[in-house]
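Spelled out from the first residue to the last, the chains are:
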Amino acid sequence: MSLLKPFSKLPGLNTANILLVESEEQFQQSLADALVEETAVTVNVRLAKSLPLPMENEESRPRIDLVVFIINLTSELSFQSAEASLKYLDPGYFLGKVCFMVTNARKASAPTERLDAVRKLAASLHCPLLFAEDQTPDGVANATERLLTILKVSAGLVPMATALYLSNLTRCTVPPDIDQPSFD
Amino acid sequence: MERQHNSVVRTPLNSVVVQRRSKSKSYRQSYRSCLGAASRLGLTPALTARRLNTSRRAPKSHNITDKVDPEQLTLLLKTEWKLSYVTPLYQFRHTQLKSYSRQLSAFIAAEKQQGLAVDAEGSQSSFRVSFSVVQGMTETADDAETVLIQIHSKPMFAKQDDPQKLVWSGWLACINGNPDYLSSLSKDFICLPLFGSSGPEVLTTLVKSWFQQMFDCCFGPLEISHTSLQWLVALWTNCHTESNIQHLRMIWTLPVTPPLQITYTVDAQDAWELWSSVRKDPEEESEGGEEVEEGGSIDLKEVMRFMQGLKNHFYRHFRLDLSAGSLQQVSTALGSAKYSGRIKVSSDGKNCSQSFSQDTFLLTHTRKDKCCTNIFFLSF
């Protein structure tokens, strides 16, 4: 199985590499355009529809610092594809180098069970869960800013902060009574 | 962060949709994972327990005409009802229905005249409202009786002697209400949480505002969620042995441009065979010799497996994964339900009015502001 490994390559100087995984391949495009605008750090954005990544690029691919799974809550397929891709990541990634980003959480057509499922998934993997608005440039800018914060820490560019430490602070939690029905 | 961002962003109404691709991309990834991951998905019982039941009692059908007057029954059947939820009504008495009828007709007449300049003939376009009780629709002792409201009026250009026609009808009902919830209400309140209406929207809003003024209640739109529609698919298929459903039709919409609407019709017998194979499998895997419960409970997992089977079949023929879309409508010969909150209950086409069968179910639904309403699903 071709696992994506976090520490098998050397890091670049003042660079950060981020991998955006999205089944619909829409939001990742606008996010990528906004992410490369960053000037303080050289940000390389890789896009993928799902994991595993193709073997041909194995040597030329740089070390991936942060893997972001973008899940569209209105589509069940999006969630299933993200969940299936998780098993192609080396467990070392789950120490703060994986992040979940959810879009369309406010849409009425997104069933609430799906958001609960994503929350449970993120909580069980100790990963942060971000909500993003992908239709307006403001929303994209907001999402970019948050991703850059996490990315800089994962790439080791922030002194005194490591990815594991940040993920401990930002990881998703579910309330303990999520399984309790309100009425029988 | 240095900048203070206003994180409230207005989501535009039309979202960008995916362009329909002519070449089929590899959905194989998700197709493979569908079969294995279906049980691991977030649609496991533990997550939906927060909002909905995870397993339901399989319905027992019984003859409804024993309990309900057939004439009143025909008023309820074969009409498409738009559903809303209602908070409990304060001091609504089943004994004062006549006075309620008079008050509501006066209210409607007054509201109608607000826009008009002068109305010379007072009774020309007057509305006659009748409240009546439909006895026998309740399932438990705690349920309040169903109230039927009808509005008759003369059409615009009718002659003097023409009889008044039914222009609007609606009902308030509570069937299989949660006993804990019902007993927690104070004595002055009556819980009739489901309101169905059929007719012009103007009259619906008038009736609702009258109820809000009289009984201090709130009305809100009720949408039939995606999971509930899937429950209906399974439960109606389960009824196939008792009353022939004739076909199982589902309407899915896919978010592409131009929008794609798929009507997926399954023959009743095929649906039944798939459903019974879904129900039988876990029993075969468990220790042999366990008796099959008659009319046992149906678990959410079985419903999901059934839906997954239907989607896989569709994928095998058309290479379109219906998981990417959303289920909008389910209909069988027993009735239809739409995502927008409209239901229609049809009678069994072959049998005449003597042999209806009634199944009622309970859904507990939690609204965002943490006030609970009980909703029921009624299917014949």
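Conventions we followed
- Residues numbered from 1 in each chain as written.
- Chains lettered and ligands numbered in written order.
- Predicted model: local features only at pLDDT ≥ 70, side-chain atom pairs only at ≥ 80, totals over all residues.
- Heavy atoms only, no water.
- Helix = DSSP H or I, 4+ residues; strand = E, 2+ residues; numbered from the N terminus.
- Buried < 20%, exposed > 50% of the residue type's maximum accessible area, 1.4 Å probe, protein only.
- Contact = heavy atoms within 4.5 Å.
- Axes fitted to C-alpha atoms, helices over the stretch in contact; angles between N-to-C directions.
- Parallel < 35°, antiparallel > 145°, perpendicular 65-115°, else oblique.
- Left-handed = near helix turned anticlockwise from the far one by under 90°.
- Nonpolar A, V, L, I, M, F, W, Y, C, P; charged D, E, K, R; others polar.
- Pairing = 2+ DSSP bridges.
- Polar contact = N/O pair within 3.5 Å; in protein donor to acceptor, adjacent residues only side chain to side chain.
- Disulfide = S-S within 2.5 Å.
- Expected span 1.5 Å × (residues − 1).

Along the backbone of chain B there are nine helices and 20 strands. For chain B, the residues scored as buried account for 48% of the 380 residues in total. Expressed as a percentage of contacts within chain B between residues at least 6 apart in sequence, the contacts between residues at least 24 apart total 72%.

Time to look at the packing of helix α1 (residues 27-35) of chain A against helix α4 (residues 137-154) of chain A. All names here are of chain A. At a closest axis distance of 9 Å, the pairing of α1 and α4 adopts a crossing angle of 65°. With respect to their mutual orientation, α1 and α4 come out roughly perpendicular. The handedness of the crossing between α1 and α4 is right-handed. Counting all contacts with α1, which are made through F27, S30, L31, A34 and L35, the residues of α4 involved are V140, A143, T144, L147 and L148. By residue class, the composition of the contact of α1 with α4 is eight nonpolar, two polar and no charged.

Another aspect to go through is the packing of helix α2 (residues 76-85) of chain A against helix α3 (residues 112-124) of chain A. Residues and elements named next belong to chain A. With their axes 11 Å apart at the nearest point, α2 and α3 run at an angle of 15° to one another. What the angle tells us is that α2 and α3 run roughly parallel. Helix-helix and strand crossings are classified by hand; for α2 and α3 the assignment is left-handed. Contact residues: α2 offers E76, F79 and E83, while α3 offers R114, A117, V118 and L121. When the residues that make up the contact of α2 with α3 are grouped by side-chain class, the tally is four nonpolar, no polar and three charged.

Looking now at the sheet that holds strand β2 (residues 42-48) of chain A. All names here are of chain A. With respect to topology, five strands assemble into an open sheet ordered β2-β1-β3-β4-β5, the strand pairing being parallel. Each of the sheet's edge strands pairs with one partner strand only, and the pair in question is β2 and β5 (129-132). In this sheet, neighbouring strand axes are inclined to one another by 25° on average, regardless of whether the strands run parallel or antiparallel. When strand β4 (residues 98-103) meets β5, the two strands line up parallel, connected through four bridges. Its bridge partner lying in β5, T103 is registered against A132. Sheet strands in contact with α3 are β3 (66-72), β4 and β5, and its direction is about 145° off that of β5.

This paragraph deals with the environment of K208 of chain B. Residue and element names in this part refer to chain B. Considering the arrangement of structural elements, one finds K208 in helix α6 (residues 201-215). The spacing of K208 and H226 is 18 residues in sequence and 27 Å in space, taken between C-alpha atoms. Those residues in contact with K208 that sit more than four places away from it in its chain are S84, F195 and F219. Engagement of the side chain of K208 in a polar contact is seen with the side chain of S84, the distance being 3.4 Å.

A few words now on the state of the cysteines. The full count for this structure, using the stated rule, is zero disulfides over all chains. Lacking any disulfide linkage, C172 of chain A is separated from the closest cysteine sulfur, that of C127 of chain A, by 9.3 Å.

As a further point, take helix α7 (residues 226-238) of chain B. Residues three or four positions apart in an α-helix share a direction because the helix packs 3.6 residues into each turn. Between the first and last C-alpha of α7 of chain B there are 19 Å, a value that for 13 residues agrees with the 18 Å anticipated at 1.5 Å per step. Judged by how many residues are buried, α7 of chain B sits mostly within the fold: 13 of 13 residues are covered.

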